[in-house]
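Residue-level structural notes
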Amino acid sequence: MKRQGQRTAPIVYQLKQKITITHPFHPQYCKQYGLIGYRRSWGHECVDLHDEQDEVITVPIGWTDAAEPDPFVVVSAGRSNFRVQDLVRLVHLIEGLKS
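Residues numbered from 1 in each chain as written. Predicted model: local features only at pLDDT ≥ 70, side-chain atom pairs only at ≥ 80, totals over all residues. Heavy atoms only, no water.

Thoughts on the nonpolar core
One finds Ile-19, Ile-21, Tyr-33, Leu-35, Tyr-38, Val-47, Leu-49, Val-59, Ile-61 and Ala-66 forming the largest nonpolar core, which totals 10 residues. Top element by residues in this core is strand E2 (residues 32-41). It accounts for three residues. Not counting chain neighbours up to four residues away, the residues in contact with Tyr-33 comprise Gln-17, Lys-18, Ile-19, Ile-21, Gln-28, Leu-49, His-50, Asp-51, Glu-52 and Ile-57. (Core = buried A, V, L, I, M, F, W, Y, C linked by side-chain atoms within 4.5 Å. Buried < 20%, exposed > 50% of the residue type's maximum accessible area, 1.4 Å probe, protein only. Helix = DSSP H or I, 4+ residues; strand = E, 2+ residues; numbered from the N terminus. Contact = heavy atoms within 4.5 Å.)

The structure is reproduced here in structure tokens:
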């Protein structure tokens, strides 16, 4: 039985050794970096990477090609630009700005 808080996240050695940043608004979008390690930071799954200056950068794993594909994105197959949960969050943000 899985205990609460126990993770089934990939082990660093099972990840690719070269990671590409896939988040379209990240300044290093489409750039590839060497993998240092995988970890959790502030409750988020992250990867540590070497940049061009041999500095360590930490990026949420969901912003890279090391992440499992989002099931909604796979099922929608490009037919939807937005996930329902993201639209609901947007409505709440807009309502908060109005009040």
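Resuming the write-up.
Focus on the layout of surface pockets
What the largest pocket holds in volume is close to 680 Å³. Together, 22 residues line the largest pocket, and Pro-24, Gly-62, Asp-70, Val-73 and Arg-83 are the ones closest to its centre. Looking at the lining of the largest pocket element by element, the count peaks at three residues for helix H1 (residues 71-76). (1 Å grid on protein atoms, 1.4 Å probe; cavity = no way out; pocket = protein on both sides within 12 Å on 5 of 7 lines; lining within 4 Å. Points joined across faces, edges and corners; volume = space filled by probe spheres on them.)

Here's the deal with the pattern of salt bridges
Applying the stated criterion to the full structure yields three salt bridges. Across the salt bridge formed by Arg-39 and Asp-48, the nearest N and O atoms sit 2.9 Å from each other. Here Arg-39 falls in the partly exposed class, since its relative accessible area comes to 34%. A relative accessible area of 11% places Asp-48 in the buried class. (Salt bridge = Lys/Arg side-chain N within 4 Å of Asp/Glu carboxyl O.)

Re the environment of Ser-41
Mapped onto the elements of the fold, Ser-41 is located in strand E2. Assessed through its relative accessible area of 18%, Ser-41 is described here as buried. For the pair formed by Ser-41 and Val-59, sequence separation is 18 residues and the distance between their alpha carbons is 9.9 Å.

By themselves, these observations are geometric and do not establish any function.
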